[in-house]
Amino acid sequence: MPNLRMDKNPMPVQDPEVRIHNVDEVATGYTAEMAIDEAKRCLSCKHKPCVAGCPVNIHIPEFIARVAEGDFEGAYEIISLTSSLPAICGRVCPQESQCEARCVRGIKGEPVSIGRLERFVADYMREKGETPAVKAEPNGHKVAVVGAGPAGLTAAGDLAKLGYEVTVFEALHTPGGVLMYGIPEFRLPKAIVAHEIDKLKDLGVEFVTNFVVGRSSTIDEMMDDGYEAVFVGSGAGLPNFMNLPGEALNGVYSANEFLTRYNLMKAYDENSSTPIQHPTKTVVVGGGNVAMDAARCARRLGSEVHVVYRRSLEELPARKEEVEHAMEEGIIFDLLNNPVAVLGDENGHIKAVECIKMELGEPDESGRRRPVPVEGSNFIIDADCMIMAIGTSPNPLIRQTTPGLDVNRRGCLIVDENEMTTKDGVYAGGDAVTGAATVISAMGAGKKAAAAMHEYLSSKE
């Protein structure tokens, strides 16, 4: 019989006063008993609306049914049919706006906690010890993947399973992309990312790091070297700024730089060779998940943190869970405010941020009410650190060095319905196409592109 309890099993978490002094994972995960109890809340709907909400179309009712039976290995086999990174997706995907948003149980109560169950199953198998993947029989074709983030990793895994010789070229010194440099350890432990990458290596995927496509080699040169098709999953790593007076002062960071130092280079560790400021009062500008990550990292460096966002709490784009965790950790939300200038001291270092109050007017093209400045409402927030987390754009290097590769006005690669760019044999997906988006949407694009690349190369035989 289904468990008709209206609310989810709560996720166990570290106490806020403890976790702001460490980088250990905040959410500690379901026990087996909790997972089985939560799985029994699923009604196993015949029309499976949750699957339609998943960008990689995981067979959700089927894997949850296995969890309810205590067959965690069987559940993992079902998830693995369509998802290459379940331990990651179970942690960082916005399930509340995707699969769980379609869950029938959510009509009169809380939806089934699909993401937490996915995480539990993946963690169970990792701790148990998975059987190494078996390499597929080679099909004689060679393909390249540019970027080892979620889109590239997914495309590489799917292509390797089809027998392709796959090489992934990554600009940084370690694979993982935003999973390694952007998302903090306390949300996504790096050992989990490394484990997922090792699984791809078991499939025969080769990784070449410290390789900047467009400098180390161009896409045309790679194709001349025998790569029959290329997938570009280079992400959107170019930070946006507001061009405020004083924005070039010392102590003003892009979220990309701050998070890369903190996460990838482990600058929070006193033994790290990468320096990072230990501020006393930080202003983070923005309201998305990246802003929450930056704010919570600064908090763990001992800083008082203010999040300045120009809309209200209802419009805040970050995941509800991340906002709640940030609030629990003592982060101050200065909502309906916007910075207008950065003030510096005699040494060229930030000392304060000048802001203006905002009010919500008529809806803009996004459907959200447009924030309008309130004249004469300027005020000062003292700060010795400012982190700009207002979005990112694709790096222009690849399109500048690849004739025939067209982009839109935002600098994003243009693709057709099969993720093929305007250059024959070159596919793209993830943030390089959409601009900054979610891990799971990037994975969905990587999966779709891999299928299209397979069809493209098969038709040439």
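Chemist: Let's hear about the overall build of the chain: which residues, and what values?
Modeler: Secondary structure summary: the chain contains 17 helices and 16 strands in total. Dimensions along the principal axes, computed over C-alpha positions, put the chain at roughly 65 × 60 × 50 Å. For the chain, buried positions account for 54% of its 461 residues. Carbon and sulfur atoms form 51% of the exposed surface of the chain, whose accessible area is close to 19900 Å². Of the charged side chains in the chain, 46 are positive and 66 negative; the average position of the first set lies 4 Å away from that of the second.

Chemist: Mind laying out the packing of helix α12 (residues 255–264) against helix α13 (residues 289–300), listing which residues take part and the relevant values?
Modeler: At a closest axis distance of 10 Å, the pairing of α12 and α13 adopts a crossing angle of 50°. Of the possible angle classes, the one that applies to α12 and α13 is oblique. Between α12 and α13 lies a crossing of left-handed hand. Each of Ala 255, Phe 258, Leu 259, Tyr 262 and Asn 263 in α12 lies in contact with α13, whose residues at this interface are Val 290, Asp 293, Ala 294, Cys 297, Ala 298 and Arg 300. Looking at the contact of α12 with α13, its residues break down into eight nonpolar, one polar and two charged.

Chemist: Explain the pattern of salt bridges to me, and be specific about the residues and the numbers.
Modeler: Tallied over the entire structure, the rule returns 29 salt bridges. Linking Asp 158 and Lys 447 is a salt bridge whose minimum nitrogen-to-oxygen distance equals 3.0 Å. Separated by 289 residues along the polypeptide, Asp 158 in helix α8 (residues 150–161) and Lys 447 in helix α17 (residues 439–459) bring together distant segments of the chain. In this pair, the class of Asp 158 matches that of Lys 447, namely buried.

Chemist: Can you explain α8? Please cite residues and give values.
Modeler: Side chains three or four residues apart in an α-helix point the same way, a direct result of the helix having 3.6 residues per turn. End to end, α8 covers 17 Å across twelve residues, agreeing with the expected 16 Å (1.5 Å per residue, within 8%). Of all twelve residues in α8, eleven are buried, a share of seventy percent or more. All of the buried residues along α8 are Pro 150, Ala 151, Gly 152, Leu 153, Thr 154, Ala 155, Ala 156, Gly 157, Asp 158, Leu 159 and Ala 160. The first or second residue beyond α8 is Gly 163, which carries a positive phi of 95°.

Chemist: Can you break down the sheet that holds strand β6 (residues 252–254) residue by residue, with the values?
Modeler: Reading across the sheet, the five strands line up as β6-β14-β7-β8-β9 and stay open at both edges, with parallel pairing between neighbours. The sheet terminates laterally at β6 and β9 (332–335), the two strands that pair on one side only. Looking at each pair of strands side by side, their axes are set apart by 20° on average, direction ignored. Across four bridges, strand β8 (residues 304–309) lies against β9 in parallel orientation. Residue pairing in the sheet places Val 308 in a bridge with Asp 334 of β9. Each of β6 and β14 (385–388) touches α12; the most contacted strand, β6, lies at about 85° to it.

Rules and cut-offs
All residue numbers refer to position in the chain's written sequence, counted from 1. Confidence filtering applies because this is a predicted model: local features only for residues at pLDDT of at least 70, side-chain atom pairs given and counted only at 80 or more, and all residues used for totals across whole chains, interfaces and linings. Only hydrogens and water are set aside; all other atoms, that is, all heavy atoms of the structure, feed into the side-chain values. Numbering goes from the N terminus for both helices and strands, where a helix is a DSSP run of H or I of at least four residues and a strand is a run of E of at least two. Between buried and exposed lies partly exposed: a residue is buried under 20% and exposed over 50% of the maximum accessible area for its type, with that area taken using a 1.4 Å probe on protein chains only. Using a 1.4 Å probe, accessible areas were evaluated by the Shrake-Rupley method; residue-level cover was limited to the displayed protein chains. None of His or the chain ends enter the tally, which takes Lys and Arg as positive and Asp and Glu as negative. Charge placement uses NZ in Lys and CZ in Arg. For Asp and Glu, CG and CD serve respectively. Axis definition: a line fitted to C-alpha atoms, limited for helices to the stretch in contact. Angles are taken between N-to-C directions and run from 0 to 180 degrees. Comment on the angle field: the value is read as roughly parallel under 35 degrees, roughly antiparallel over 145, roughly perpendicular from 65 to 115, and oblique elsewhere. Handedness of a crossing is defined here by the sense of rotation of the near helix relative to the far one, left-handed for an anticlockwise turn of less than a right angle and right-handed for a clockwise turn. Contacts are residue-level and defined by heavy atoms, with any inter-residue pair within 4.5 Å sufficient. When residue character is reported, Ala, Val, Leu, Ile, Met, Phe, Trp, Tyr, Cys and Pro are called nonpolar, Asp, Glu, Lys and Arg charged, and the others, Gly included, polar. A carboxyl oxygen of Asp or Glu within 4 Å of a side-chain nitrogen of Lys or Arg is what we treat as a salt bridge. The span expected for a helix works out to 1.5 Å for each residue beyond the first. Only strands joined by at least two bridges in the DSSP assignment are considered to pair.

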